[in-house]
Amino acid sequence: MRTLLINLPLLLLLIFFPGCQDKSDHKNTYEPKYSEQPVLKKKKLYVLGVHPLHNPSRLFEVYQPMIHYINEHLETSELRLEASRDYATFEKKLFSGYFHFALPNPYQTIIAIQNGYKVFGKMGDDESFRGIILLRKDSKINTVKDLRGETVSYPAPTALAATIMPQWFFYQHGLNINQDITNSYVGSQESSIMNVYLGKSAAASTWLPPWRAFVKQKPQIADELQIKWQTDPLPNNALVAREDIPKELVDKVGQLVFSLHTNERGRKILKAMELSRYEPADESVYESVKVFIQQFEDKVRIIRTDNE
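Residues numbered from 1 in each chain as written. Predicted model: local features only at pLDDT ≥ 70, side-chain atom pairs only at ≥ 80, totals over all residues. Heavy atoms only, no water.

> Give me the lowdown on the pattern of salt bridges, citing residues and values where you can.
Evaluation of the coordinates by the stated rule reveals 17 salt bridges. Glutamate 61 is paired through a salt bridge with arginine 58; the nearest N and O atoms lie 2.9 Å apart. A residue pair is termed a helical-turn pair when its members lie 3 or 4 positions apart in one helix, as glutamate 61 and arginine 58 do in helix H2 (residues 56-72) at three residues. Overall, the relative accessible area of 53% leaves glutamate 61 in the exposed class. We classify arginine 58 as buried; its relative accessible area is 18%. Linking arginine 85 and aspartate 86 is a salt bridge whose minimum nitrogen-to-oxygen distance equals 3.8 Å. You can call arginine 85 exposed: its relative accessible area is 66%. (Salt bridge = Lys/Arg side-chain N within 4 Å of Asp/Glu carboxyl O. Helix = DSSP H or I, 4+ residues; strand = E, 2+ residues; numbered from the N terminus. Buried < 20%, exposed > 50% of the residue type's maximum accessible area, 1.4 Å probe, protein only.)

Here you go:
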């Protein structure tokens, strides 16, 4: 026992010494490893919503190229396109402030301004922002008053060019939409067009860009239809940003979008939208829309109720 106690320090030294020697060798031979790829900072995500100009799959086909283009030129931010299945869903998101950026119609723009958004741009081509009323070519309807007792299809109650402006046109031509016809809100521009083609409605209401796209996609069906009437135009759809979005980002997005028409890739993106350009704008552009909406609600119907 005494011998064991005397040799215990030596034993411990023998046990730990090799470990210390290994660490020393490891330290002398260690080489740091370097990554060939830079460490990328995570970009901040912003959601951009587009009102239901098309069904969701078609909307992504048309608008995602513009989102790709914008994102390629942003260093610390990234936009994500979000579609909505119908106008009510889009408006619920917009009016609650869910979207960071949005492309609403002019009526929705007015409500968005009241809910924390600012206008920074708009679609050009105001002459195209007009409602059109379609009939089958074999229709016997010749005047607006001939629609009495018939069904008219529309995309949604809050679609400005495709619903509200045509209903105002009917009012101006002596048709009481609340008593003389059945109003069928079918959810999308294409559904409205298909309803008249299939004979489910006597007339279909839409607006020019969706109709032009429909003619290209379904020429045989479009050939069975005709534009019977058109409304006067109003300012086109707005680009809005939530008030808390950094001004530098809003300015950068605007710069990119407003210059699309100046390069080949941008012109291709715009062509798919049936549009020649985007342009800078502010709230004052939509004063005429406010006046129109007030007249419409005074004379025709309330557009949106409090529980919508």
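Now that the structure has been shown, the text picks up again.
> Lay out the pairing of strand S8 (residues 203-207) with the relevant residues and their values.
Burial within S8 is extensive, with five of its five residues counted as buried. A two-sided burial pattern is seen for S8, the buried positions comprising Ala203, Ser205 and Trp207 on one face and Ala204 and Thr206 on the other. Strand direction decides the pairing type here: strand S5 (residues 131-136) and S8, joined by four bridges, are antiparallel. Bridged to isoleucine 133 within S8 is serine 205. Summarising the sheet, strand S6 (residues 151-154) and S8 pair through two bridges and their orientation is parallel. Bridge pairing in S8 places serine 153 opposite alanine 204. (Pairing = 2+ DSSP bridges.)

> How would you sum up helix H11 (residues 287-299)? Please name residues and give values.
With 13 residues, H11 should cover 18 Å at 1.5 Å per step; its first-to-last C-alpha distance of 19 Å lies within 8% of that length. Every buried residue belonging to H11 is among Val289, Phe292, Ile293 and Phe296, and all of these are buried. Looking straight down H11, one finds that the buried residues subtend no more than 100° of arc, so they occupy a single side. Exposed and oriented more than 90 degrees from the buried face of H11 are Asp298 and Lys299. Against the buried residues of H11 lie helix H4 (106-113) and helix H5 (160-172). (Expected span 1.5 Å × (residues − 1). Arc of directions from axis to C-beta. Contact = heavy atoms within 4.5 Å.)

> Describe the sheet that holds strand S7 (residues 182-185), listing the residues and the values that go with them.
Judged by pairing direction, the sheet is mixed, and its five strands sit side by side in the order S7-S6-S8-S5-S9 without closing on themselves. Two strands bound the open sheet, and with one partner strand each, they are S7 and strand S9 (225-230). Direction aside, neighbouring strands of the sheet carry axes that sit 30° apart on average. On top of the sheet, helix H6 (residues 189-197) reaches S5, S6, S8 and S9; it is set at about 155° to S8, its chief contact. Across the sheet, helix H7 (residues 208-217) lies against S5, S8 and S9, angled at about 105° from S8, the strand it touches most. (Axes fitted to C-alpha atoms, helices over the stretch in contact; angles between N-to-C directions.)

> Provide a residue-level description of the sheet that holds strand S3 (residues 101-103), including the pertinent values.
With respect to topology, six strands assemble into an open sheet ordered S2-S1-S3-S10-S4-S11, the strand pairing being mixed. Of all the strands in the sheet, just strand S2 (77-82) and strand S11 (278-280) have a single pairing partner and so form its edges. For this sheet the average axis-to-axis angle between neighbouring strands, irrespective of direction, equals 30°. Pairing of strand S4 (residues 117-123) with strand S10 (residues 238-242), which is carried by five bridges, proceeds in the antiparallel orientation. Bridging from a neighbouring strand, lysine 118 pairs with alanine 241 of S10.

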